[in-house]
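Chains, contacts and geometry: an overview
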Amino acid sequence: MLKLFKSKIAWALTLMCLVLAIGVLGYHYYYNFTWVNAFYMTVITVTTVGFSEVRPLGEDAKIFTVFLIISSVFIFGFAISVISEYILSKNSLQLLKKKRVKNKINGLSNHVIVCGFGRNGKQAAEKLSAYNKPFVVIEKDEKIIEAHEDEVLFVQGDVNEDEILLAAGIERAQYLVTALPDDAVNLFVVLSARQMNNELFIISRASQLTSVKKLEFAGANKVIMPDKIGGDHMASLVVMPDLITFMDKLSMEGEHTTNLEEVKIDNLASKMVCNSIRDLDLRRKTGCTIIGYITPSGNYIINPEADLELEPKGKVIVLGRPEQINKLNLMFQLD
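These notes cover the structure that comes with them.

Rules used in this analysis
Residues numbered from 1 in each chain as written. Predicted model: local features only at pLDDT ≥ 70, side-chain atom pairs only at ≥ 80, totals over all residues. Heavy atoms only, no water. Helix = DSSP H or I, 4+ residues; strand = E, 2+ residues; numbered from the N terminus. Buried < 20%, exposed > 50% of the residue type's maximum accessible area, 1.4 Å probe, protein only. Contact = heavy atoms within 4.5 Å. Areas by Shrake-Rupley, 256 points an atom, 1.4 Å probe, with all protein chains shown as cover. Lys, Arg positive; Asp, Glu negative; His and termini not counted. Salt bridge = Lys/Arg side-chain N within 4 Å of Asp/Glu carboxyl O. Polar contact = N/O pair within 3.5 Å; in protein donor to acceptor, adjacent residues only side chain to side chain. Pairing = 2+ DSSP bridges. Axes fitted to C-alpha atoms, helices over the stretch in contact; angles between N-to-C directions. Right-handed = clockwise from strand over helix to strand, strands pointing away. Expected span 1.5 Å × (residues − 1). Arc of directions from axis to C-beta.

Regarding the overall build of the chain
The helix and strand tally for the chain stands at 14 helices and 10 strands. Within the chain, the fraction of its 335 residues that count as buried is 37%. Taking the contacts inside the chain whose residues are at least 6 apart along the sequence as the reference set, 56% of them involve residues at least 24 apart. Of the accessible surface of the chain, which amounts to about 20800 Å², a share of 59% is contributed by carbon and sulfur atoms.

Here it is in structure tokens:
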């Protein structure tokens, strides 16, 4: 629709320039006006302002002027209508788009709120999108929003304002990721979010080591230092390059699938009897290998025994190639 308006505007501007060119050239070449006087006569004629002529006009010049007036009235009228319609339609489309986004956000629950769409926030959004996890991004930079609004749900505004957090559905959210570069702002967001939703799982970025304890005290469940992780990763590539490269490949995405998957025991129990890891027999059924188990209390067991008793609220961590992970998801209808 906007393309149609843009083409109409192009036509209108072309016709307006054509009328001006005809007027200037006509007065100059056929009626011997100077270039300045020809331009002046053309402007006062097409705008119908009513100033007097530069000099008395003959009958043929008057006929030419009448033709110029009639042509300019229709063409300028057409141009004004097209431009006005385009502006009104653009505003209407923006209002409809904002209303549509608001309705989508209001329909979300157990979603993720990402504060900031910088380098870290964008990476978080891409990962969430790959796993089909619903999320909302709070961002105040209008240019960033316009560049990504087709693939991301945005709430525009200052994340320090409670109204913006409410607009993002913080009362219904399950996670909040605050990835802002300023630790003080992250601290304020964590404090506000914790007060508004006590069950929220909050993950915060920290730039300074001294901010970690403060963010945890404010209510953050996890605090991540991207710079520290990056430095550790680069150093590890020096001391054990093959191991780190192998670990990187485990989490590498391909066709929206990874080599690692976290599966709730409840999801498996609804499809089969699974009192132990041996009962699951995922290796034979899907090719995936169970490399870890998370107890309901949050304890992590690496490389669990086959006879380990499984609990309903526990989780298993499975390892497999992308096609094996897909087979697991299809077999047990996992999200």
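That covers the picture; the talk isn't over yet.
Remarks on the side chain of E139
As for its position among the elements, E139 is in strand β2 (residues 135-139). K140 is the oppositely charged side chain nearest to the buried, salt-bridge-free E139, at an N-O distance of 7.3 Å. Here D141 takes part through its backbone nitrogen, which lies 2.9 Å from a polar atom of the side chain of E139. When sequence neighbours within four positions are dropped, the list of residues in contact with E139 reads G116, F117, I144, I145, F154, V155, Q156 and G157.

Describing the sheet that holds strand β4 (residues 175-178)
Note: strands within a sheet are paired through backbone hydrogen bonds, in either parallel or antiparallel orientation. Strand order in the open sheet formed by 6 strands is β3-β2-β1-β4-β5-β6, with parallel pairing between adjacent strands. Unpaired on one side and paired on the other, β3 (154-156) and β6 (222-224) mark the two borders of the sheet. Across the sheet, the mean angle separating the axes of adjacent strands is 15° when strand polarity is ignored. Two elements, strand β1 (residues 112-115) and β2, share 4 bridges in a ladder whose sense is parallel. Note on β2: the bridge partner recorded for I113 is V136.

Some points on the environment of I301
Position of I301 relative to the elements: it lies in strand β9 (residues 300-302). In this structure I301 comes out as partly exposed when scored by relative accessible area, which is 30%. In the structure, I301 is positioned 10 residues away from I291 in sequence and 8.7 Å away in space, judged by C-alpha atoms. Here I301 is in contact with I291, G292, Y293, T295 and L308, once residues within four sequence places are set aside.

Notes on the pattern of salt bridges
What the rule picks out here adds up to 5 salt bridges. The partner of K315 in a salt bridge is E262, and the shortest N-O contact between them spans 3.1 Å. Of this pair, K315 sits in strand β10 (residues 315-319) while E262 sits in strand β7 (residues 260-264), placing them 53 residues apart in sequence.

Overview of unusual backbone geometry
Here N110, not a glycine, exhibits a phi torsion of approximately 55°, which is positive. With respect to the helices, strands and loops of the structure, N110 is situated in the loop between α3 (59-106) and β1. Residue classification places N110 among the partly exposed positions, given a relative accessible area of 47%. A positive phi angle, near 50°, is found at D281, a position not held by glycine. Along the chain, D281 turns up in the loop between α12 (277-280) and α13 (282-286).

Here's the deal with the pairing of β1
Residues V112 and V114 point to one face of β1 and I113 and C115 to the other, with burial holding for every one of them. Note that the unit made of β1, helix α4 (residues 119-130) and β2 has a crossover that is right-handed. Examined bridge by bridge, β1 and β4 share 4 bridges and lie parallel to one another. When the sheet's bridge partners are listed, V114 is paired in β4 with V177.

A word on helix α2 (residues 35-46)
Because an α-helix packs 3.6 residues into every turn, residues spaced three or four apart end up facing the same way. Over its 12 residues, α2 extends 16 Å from the first C-alpha to the last, a length consistent with the 16 Å expected when each residue adds 1.5 Å. Taken residue by residue, α2 has A38, M41, T42, I44, T45 and V46 as its buried positions. Just beyond α2, the residue with positive phi is T48, at close to 50°.

Things to note about helix α14 (residues 322-332)
Turning to α14, its buried residues are Q324, I325, L328, N329 and F332. Projected onto a plane normal to the axis of α14, the buried residues spread over an arc of 140° and lie on a single side. With its phi angle positive at about 50°, Q333 sits one or two positions after the end of α14.

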